[in-house]
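Each chain, written out:
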Amino acid sequence: MSNSMTPWQRTAHGANLLDASGQPGVTIFEEITALANKHEAINLGQGFPDTEGPAEIRQIAVDAILSGANQYAPGSGILELRQAISDHQKRFYSLDIDPNNEVVVSTGATEAIASALLAFLEPGDEVVTFEPFYDSYAAMIGLTNAQHKVVQLKAPNFEPSVNELRQAITDNTRVILINNPHNPTGTVFSTSILNEVIALAHQHDCIIVADEVYEHLTFGTKHVPIASLPGGFERTITISSAGKSFSFTGWKVGWATGPQNLITAIRTVKQFLTYSSGPAFQPAVAKALNLPESFFTGFASSLAQGANILADGLENAGIPVIRPKGTYFLVADINGFKHNDAIEVARMMPQEVGVAAIPMSVFVHPQNASSYQGLLRFAFCKKPEVLTDAVGKLQQLPEVLNR
């Protein structure tokens, strides 16, 4: 990365948004969505649900608007929501969180991530993430002028090498940013990997930023917050949101929890970004966090059914699938076909097949793209009838790939 880049250019460069001449271009998400719209294709590229969250929770937001909850909320979030977040962490993970000093509400998890990185990174500091990575991470690391190091997750199990993890995290590492359950691979990291991250954070005096927005969306395995493991809490900022757990992605209500000193730093930065947001949504999210456990398990079960519909359909068509352990996404492997450049395939799928997907290589550093060039990410957070329709269309994909 050139030192002459301005902050916005570093942000764009980090997210692979600059072309060879240094000019900004559209994201692959914009490009594929535009192609899907043009050809009236089923869009399994972007990870948003096509169903609404619980009606009773939506009604709370409506009532709050009508009753006057339309001005600034407190910068840390309303106490009712902070208490609900604290109760949620205790109920599910046995974590004792002080709602007054160890919770801050943010404008989605994205702002919480941005605030955490802006709060602690100096130019030249190193940040370690797993690769592939959510593009927001690379963009914010670029904005801070920190150095982005990666530990690759390779198919088919997408588990990191412990040796590579130990080599990547050094005394120059300031932040270890871990997304678990992991987008875009759909993996859930083992407790042994999480314990290794904690040990390395202590050894090298690092902060852990744990993006756990898919915490309730796991299949056949239980989510273990890294902050709940021995030695984890005191170094960890845990981030989540209402978007994924309750299908309210547009409400943009997220939060961060952790030790008071870390949350104070995030709150200090966050108050000069949005200050506060969503005053009518916050009481609704508080109520949602107190829904019975059956809601969370039922939602995860319905997502797992969607994953199986899509995975079975792809496999029946002869396309290998790496079945997910969590999140909204699964990965299809087209390496064995004549046309196996996933970027080219993703661009032609909306017209040729009638379904849109995202190439995995856009979630990695350009120098590592070849390791992921034959992998496609599909979102299965859609209605069963939509997925069934998509599966029917995807039966044509092998023919297209072998032309």
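Before any of the text, the structure's been laid out above.
As the structure is a prediction and not an experimental result, all values here were calculated from the model. (Residues numbered from 1 in each chain as written. Predicted model: local features only at pLDDT ≥ 70, side-chain atom pairs only at ≥ 80, totals over all residues. Heavy atoms only, no water.)

> What is the right way to read the packing of aromatic side chains from this model?
Counted under the stated rule, the structure contains 16 aromatic pairs. With 5.8 Å between their ring centres and 20° between their planes, Phe 246 and Phe 295 make a pair best called stacked. Taken together, the residues span a long stretch of sequence, with Phe 246 in helix 9 (residues 242-246) and Phe 295 in helix 12 (residues 293-316) at a distance of 49 residues. Between Phe 295 and Phe 296, the aromatic rings sit 5.4 Å apart at their centres with planes inclined by 80°, giving edge-to-face as the arrangement. Residue Phe 296 is classed as buried on the basis of its relative accessible area of 5%. Three or more aromatic residues joined by ring pairs make a cluster, and in this case those are Phe 92, Tyr 93, Phe 246, Phe 295, Phe 296 and Phe 299. In this structure, Arg 377 is placed above the aromatic ring of Phe 329, and the distance from its NZ or CZ to the ring centre is 3.7 Å. (Phe/Tyr/Trp six-rings, centres within 6.5 Å; stacked < 30°, edge-to-face > 60°. Helix = DSSP H or I, 4+ residues; strand = E, 2+ residues; numbered from the N terminus. Buried < 20%, exposed > 50% of the residue type's maximum accessible area, 1.4 Å probe, protein only. Lys NZ or Arg CZ within 6 Å of the ring centre and 35° of its normal.)

> Hey, could you run me through the sheet that holds strand 9 (residues 321-322) in this one?
Within a beta sheet, neighbouring strands are joined by backbone hydrogen bonds and run either parallel or antiparallel to one another. Taken together, four strands build an open sheet; the order of strands is 9-10-13-12 and the sheet is antiparallel. In this open sheet, the two edge strands, each paired with only one partner strand, are strand 9 and strand 12 (358-359). Summarising the sheet, strand 12 and strand 13 (residues 375-379) pair through two bridges and their orientation is antiparallel. Residue pairing in the sheet places Pro 359 in a bridge with Leu 376 of strand 13. In the packing of helix 12 onto the sheet, contacts are made with strand 9, strand 10 (329-333) and strand 13, and the angle to strand 10 comes to roughly 5°. (Pairing = 2+ DSSP bridges. Contact = heavy atoms within 4.5 Å. Axes fitted to C-alpha atoms, helices over the stretch in contact; angles between N-to-C directions.)

> It is not clear to me how the sheet that holds strand 3 (residues 126-131) should be interpreted in this structure. Could you clarify?
With mixed pairing, seven strands are arranged side by side in an open sheet as 2-8-7-6-5-3-4. Two strands in the sheet have a free side with no partner beyond their single neighbour: strand 2 (103-107) and strand 4 (147-152). Averaged over all adjacent pairs, the angle separating strand axes in this sheet is 25°, with direction ignored. With four bridges joining them, strand 7 (residues 236-241) and strand 8 (residues 253-257) adopt antiparallel strand pairing. In the strand pairing of strand 8, Thr 238 is matched with Thr 257.

> Explanation requested: helix 5 (residues 108-120) in the structure shown.
The α-helix advances 3.6 residues per turn, and as a result positions three or four apart in sequence lie on the same side. When the terminal C-alpha atoms of helix 5 are compared, their 19 Å separation across 13 residues agrees well with the 18 Å that a helix rising 1.5 Å per residue should span. For helix 5, every residue scored as buried is listed here: Gly 108, Ala 109, Glu 111, Ala 112, Ile 113, Ala 114, Ser 115, Ala 116, Leu 117 and Phe 120. (Expected span 1.5 Å × (residues − 1).)

> Explain the packing of helix 5 against helix 6 (residues 135-144) here, please?
The relative placement of two packed helices comes down to the angle between their axes together with the axis-to-axis distance. Packing of helix 5 against helix 6 leaves a shortest axis separation of 10 Å and a crossing angle of 30°. In terms of orientation, helix 5 lies roughly parallel with respect to helix 6. In this structure, the crossing between helix 5 and helix 6 has a hand that is right-handed. Contacts from Thr 110, Ile 113, Ala 114, Leu 117 and Leu 118 in helix 5 reach Ser 136, Tyr 137, Met 140, Ile 141, Leu 143 and Thr 144 in helix 6. Residue composition of the contact of helix 5 with helix 6, grouped by class: eight nonpolar, three polar and no charged. (Parallel < 35°, antiparallel > 145°, perpendicular 65-115°, else oblique. Left-handed = near helix turned anticlockwise from the far one by under 90°. Nonpolar A, V, L, I, M, F, W, Y, C, P; charged D, E, K, R; others polar.)

> Would you mind showing me how to read helix 14 (residues 384-394) here?
Every buried residue of helix 14 is listed here: Leu 387, Ala 390, Val 391 and Leu 394. Summarising the axial view, the buried residues of helix 14 lie within an arc of 105°, below the 170-degree limit, and thus occupy one face. Next to the buried residues of helix 14 lie strand 1 (42-43), helix 12, helix 13 (342-352), strand 11 (355-356), strand 13 and helix 15 (397-401). (Arc of directions from axis to C-beta.)

> So what exactly am I meant to see when it comes to the pattern of salt bridges here?
A pair can form between side chains of opposite charge whenever their charged atoms are brought close. Counted according to the given criterion, the structure contains nine salt bridges. Two residues, Arg 235 and Asp 205, come together in a salt bridge whose shortest N-O distance is 3.1 Å. Of this pair, Arg 235 sits in the loop between strand 6 (207-211) and strand 7 while Asp 205 sits in the loop between helix 8 (191-204) and strand 6, placing them 30 residues apart in sequence. Between Arg 323 and Glu 315 there is a salt bridge whose closest N-O contact spans 2.8 Å. Judged by relative accessible area, Glu 315 falls into the partly exposed class, the value being 35%. (Salt bridge = Lys/Arg side-chain N within 4 Å of Asp/Glu carboxyl O.)

> Explanation requested: the nonpolar core in the structure shown.
Generally speaking, soluble globular proteins have nonpolar side chains that are buried together. Among the nonpolar cores identified, the biggest contains 104 residues, and Ile 237, Leu 310, Leu 314, Met 349, Leu 376, Phe 378 and Leu 394 are the most heavily contacted of them. Among residues more than four places away in sequence, those in contact with Leu 314 are Ile 319, Val 321, Leu 330, Ala 332, Phe 378 and Leu 394. Ranked by size, the runner-up nonpolar core spans 27 residues in total, among them Ala 73, Tyr 93, Leu 95 and Phe 248. (Core = buried A, V, L, I, M, F, W, Y, C linked by side-chain atoms within 4.5 Å.)

In short, geometric facts, not functional conclusions.
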